[in-house]
Amino acid sequence: MSTKLILPKWGMGIEEGTVSRWLKAIGDRVEQGEPIVEIETAKAIQEVESPASGVLTRILLAEGETAPVNSEIAEIDDSQR
Amino acid sequence: MSLAINKPRPDTMVQMTFLDALVQAQIEELERDERVIVMGEDIAVYGGGKLVSRFDERRIWSMPISETSFTGVGIGAAMTGLRPIVDLSIASFMYLASDPIINQASKLRYMTGGQVKVPVVFRCCMYYGSSLAAQHSDRPYPQFLNVPGLKIISPTSPADIKGLLKSAVRDDDPVLIFEDTKLWPVKGEVPTDPDHLVPIGKAEIKRAGSDVTVVAIGGAMRLAMDAAKDLAEEGISIELIDPRTLKPLDMDTIMASVAKTGRLVLVENAHRVANLSSEIAALIAEEGFESLKKPIRRLCAPDVHVPFSPALEQHVFPGKAQIVAAVKGLM
Amino acid sequence: MSLTKGRDSETYRRMLRIRKFEEEGTRLYKAGKIPGAFHASIGQEGTIVGACIALCDSDAMTGTHRSHGHPIGKGAELKALMAELMGKATGICKGRGGSMHLADNSVGIIGESAIVGGGIPLATGCGLSAKVRQTDQVCLCFFGDGAVNQGTFHESLNMASLWKLPVIYLCENNGYAITTSIARSHGQPNIAKRAEAYGMPGIAVDGQDVREVYKATSEAVARARRGDGPTLIEAKTYRFDEHQVGLFIPGTPYRHAEEVETNKKLRDPLLLFRRALLDTSFSEAELHEIESSVVAEVRDAIQFAEASPFPPASALYDYMYSNPILYPPQGATSAV
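Residues numbered from 1 in each chain as written. Chains lettered and ligands numbered in written order. Predicted model: local features only at pLDDT ≥ 70, side-chain atom pairs only at ≥ 80, totals over all residues. Heavy atoms only, no water.

All names here are of chain C. In this structure, L247 sits in the loop between strand 8 (231-236) and helix 9 (257-266). You can call L247 partly exposed: its relative accessible area is 30%. When residues no more than four places from it in sequence are discounted, the contact partners of L247 are I178 and E242. (Helix = DSSP H or I, 4+ residues; strand = E, 2+ residues; numbered from the N terminus. Buried < 20%, exposed > 50% of the residue type's maximum accessible area, 1.4 Å probe, protein only. Contact = heavy atoms within 4.5 Å.)

Now for the packing of aromatic side chains. In total, this model carries 11 aromatic pairs over all chains according to the counting rule given. A centroid spacing of 5.9 Å and a plane angle of 80 degrees characterise the contact between B:Y127 and B:W184, whose relative ring orientation is edge-to-face. Residue B:Y127 is found in the loop between strand 5 (121-126) and helix 7 (141-145), and its partner B:W184 is found in the loop between strand 7 (175-180) and strand 8 (187-191); the two are separated by 57 residues along the sequence. Exposure class is identical for B:Y127 and B:W184. Each is buried. An angle of 45 degrees between the planes, with centres 6.0 Å apart, marks the rings of B:F144 and B:F178 as tilted. Of the two residues, B:F144 sits in helix 7 while B:F178 sits in strand 7, which places them 34 residues apart along the sequence. Like B:F144, the residue B:F178 is buried in the burial classification. What links up through ring pairs into an aromatic cluster is the set B:Y141, B:F144 and B:F178. Above the ring of B:Y128, the side-chain terminus of B:K182 is found at 4.5 Å from the ring centroid. Lying over the aromatic face of C:F282, C:K5 brings its terminal NZ or CZ to 4.8 Å of the ring centre. (Phe/Tyr/Trp six-rings, centres within 6.5 Å; stacked < 30°, edge-to-face > 60°. Lys NZ or Arg CZ within 6 Å of the ring centre and 35° of its normal.)

Closest axis-to-axis distance for the helix 4 (residues 67-79) of chain B/helix 6 (residues 151-162) of chain C pair is 8 Å, and the angle between their directions is 65 degrees. Considering only the axes of helix 4 of chain B and helix 6 of chain C, their crossing is right-handed. Taken together, the residues of helix 6 of chain C that come into contact with helix 4 of chain B (itself represented by B:T68, B:S69, B:F70 and B:V73) are C:G151, C:T152, C:E155, C:S156 and C:M159. (Axes fitted to C-alpha atoms, helices over the stretch in contact; angles between N-to-C directions. Left-handed = near helix turned anticlockwise from the far one by under 90°.)

This part covers the interface of chain A and chain B. Facing 8 residues of chain A, the contacting portion of chain B comprises 19 residues. Of the roughly 980 Å² buried between chain A and chain B on both sides combined, carbon and sulfur atoms contribute 59%. Of all residues in chain A, A:M12, A:E15 and A:A42 bury the most surface against chain B, accounting for 56% of the area lost on that side. Across the salt bridge formed by B:R222 and A:E16, the nearest N and O atoms sit 3.4 Å from each other. Counting across the chain A and chain B interface gives 4 residue pairs in polar contact (both at pLDDT 80 or more). The class makeup of the residues in the side of chain A that touches chain B is 3 nonpolar, 1 polar and 4 charged. (Buried area = accessible area lost by both parts, 1.4 Å probe. Salt bridge = Lys/Arg side-chain N within 4 Å of Asp/Glu carboxyl O. Polar contact = N/O pair within 3.5 Å; in protein donor to acceptor, adjacent residues only side chain to side chain. Nonpolar A, V, L, I, M, F, W, Y, C, P; charged D, E, K, R; others polar.)

Attention now moves to the pattern of salt bridges. In this structure the tally under the stated criterion is 45 salt bridges over all chains. With a closest N to O distance of 3.3 Å, A:R29 and A:E31 form a salt bridge. For A:E31, a relative accessible area of 38% gives the class partly exposed. Among the ionic pairs, B:D20 bridges to B:K50, the shortest N-O distance being 3.8 Å.

So, on to the interface of chain C and chain B. The partner chain B presents 49 residues to the 43 residues of chain C that form the contact. Contributions of two or more residues to the side of chain C that touches chain B are made by strand 2 (109-113), helix 5 (119-133) and helix 6 of chain C. If you tally residues by element for the side of chain C that touches chain B, the top one is helix 5 of chain C, at 10 residues. Among the residues forming the side of chain C that touches chain B, the class breakdown is 18 nonpolar, 18 polar and 7 charged.

This part is about the sheet that holds strand 5 (residues 45-49) of chain A. Residue and element names in this part refer to chain A. In space, the 4 strands of this open sheet follow the order 5-4-2-7, with antiparallel pairing throughout. The open sheet has two edge strands, strand 5 and strand 7 (66-68), and neither has a second partner. Strand after strand, the sheet turns through a mean of 40 degrees between neighbouring axes, direction not considered. Pairing of strand 4 (residues 35-40) with strand 5, which is carried by 5 bridges, proceeds in the antiparallel orientation. When the sheet's bridge partners are listed, E38 is paired in strand 5 with E47. (Pairing = 2+ DSSP bridges.)

Let's shift gears to the nonpolar core. Counting 85 residues, the largest nonpolar core has B:F122, B:I280, C:L128, C:F143 and C:Y169 as the members making the most contacts within it. Residues lining this core come from more than one domain, with at least three contributed by each of domain 1 (16-191) and domain 2 (204-330) of chain B. With residues up to four places along the chain from it excluded, the contact list for B:I280 reads B:V215, B:L249, B:M251, B:I254, B:L264 and B:L266. The next biggest cluster of nonpolar side chains, apart from the first, holds 64 residues, and it includes C:L28, C:I53, C:I92 and C:A220. (Core = buried A, V, L, I, M, F, W, Y, C linked by side-chain atoms within 4.5 Å. Domains from an automatic or database assignment.)

Further remarks concern empty space enclosed by the protein. Evaluation of the coordinates by the stated rule reveals 4 cavities of 30 Å³ or more. Estimated volume of the largest cavity: approximately 40 Å³. Every residue lining the largest cavity is listed: B:A105, B:S106, B:R109, B:K117, B:V118, B:G149, B:D172, B:D173, B:P174 and C:M320. Across the lining of the largest cavity, the residue classes break down as 4 nonpolar, 2 polar and 4 charged. (1 Å grid on protein atoms, 1.4 Å probe; cavity = no way out; pocket = protein on both sides within 12 Å on 5 of 7 lines; lining within 4 Å. Points joined across faces, edges and corners; volume = space filled by probe spheres on them.)

See the structure below:
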């Protein structure tokens, strides 16, 4: 099973975010609640936590790229506990 | 006075977002002039965190939920020696604030025969296209265009929001700023000069061209720029104009462009009945009719409320494809 | 002359100025010399002057559509006021305000709002400004019994109390919002009592007794200057004339003729104060001297106003903007 990492909503007026830095690389283990990526919005740079424990298998938004909120930006394989 | 003249003018530029430039402009004006104060609700939440942490309570006034009266308080303070920036956060709150803005701020200089001046800035953010439904998605500047005595600006670039906000604070008349949240993350080069001023009442040609004049207002500018790039690849040359100031409108720039191209597309996200495009179209019809090769095209939000569901809302505001199609339709 | 006697003399003079100015104004209005609407404050002079005389020249003030008394109470010259009533170029507002908006900024008035309750936030803003600028200026805010039912009253008094702003909220309670009585419009008819809800003192005074209004306002001014915040004063007064000169109101009268006559006879603030002055420190001759000089002042003001020119059409756009840009805009003049 894989869990998708969604670009979060941070409140009114923030409709897109840009990856400033991935804190994990593909193949890395992450725990649920562990910071996985830094996203820059118009208001701030904020860390996004992993929604599941497992292995980061896909990154869909590279550093410097921008996407709308609610977009899928990564996948975590949580079958490899 | 001599201080300002002798001060070195740094002409360095720095990359920043529209929202950062907006906050930067306020910080610089608060530091420059102790008569400047900021008044608003939850200022930190709506992008002003740096203001709250930097200045004390005598300069940054956190308001109770009383939009009508705190707008009037800003006007009264402006008439008695301060230069307030009244932050109304969400544009829909402008309706509550409209009585003091229209009946007091816009009229008092005239009604007193010039005895008083009202140097106040009213800011608000236009949120739309993000499922906030009709009461939080308004773009209400057309209502205020019909009020004599106001100046209204809606800049689209980081350098312009900085320069025009500063001009607004230093202006002796009431100025309304309609900020489009679609522009918050836009990055651009911004002069670091604390006296970087963009004049109120001057449009800017964002892109020179020869085939079709496109006038885009507020957040529509982002899409219009993308559309102009795409059309250039197809050999269609767009002259893209940003009015920047909506009142008083710089019609000379628009008129001169239409005289050159003979074709005009107007793009804005306000509802189409009696909006800024209507006024521009009317003025072109009155004074620039001979220049037109084709009918004027207006792309605006239709006369319907902004719905909540994304499935419906996506049909309300003009997109890049419609701009491209409208331009091609005139060729 | 003692301090008190000097103040009494000036108080009587200003009350009389309002009375004579408005009596003559009413006559001129009926004769077609004054356009628009004319709202006289005859009967309310004790409230207006009692409050104004407690201020310093540098203090600010806001007023209402019943605006003639406010600048006169604050000490304004009459000539430019009368010229304004006639729409002349020499008017205090250059013919752009008229009867409902006789704001004279030279005596500290920042606006006379014909939007009921519209001046209350402005006065509050003036108080906020005084606090930011760290001056000891106070602002006197006049409004009527009708305005206390506007949201701006509630919102503004809350803010003024919260920040302890130097504002004196003075309600000229003449009992009627046009034709609507307090009994028919106020859930809490005791207006002074509303102050408690905002955490400020609320004081009810006899608005026909100019000395009582002066005393209450002086205390409120002192409190404001000390930094202890605003006060709500309800001055119970009475309007002798109709809401507006010549106003036709069909149906059953909203107030009895007898009520009006009794007030004119027994509760005229000028007669009451005159009697009190004669009982204490003034002679009949001294009062006569004030009276004849006021009559002359009003006569001079009328002569000045009548001799003044109307503003020319070319002045239509003047005073719109402090620093105009492309104004008037293209096409704007063609419609005129």
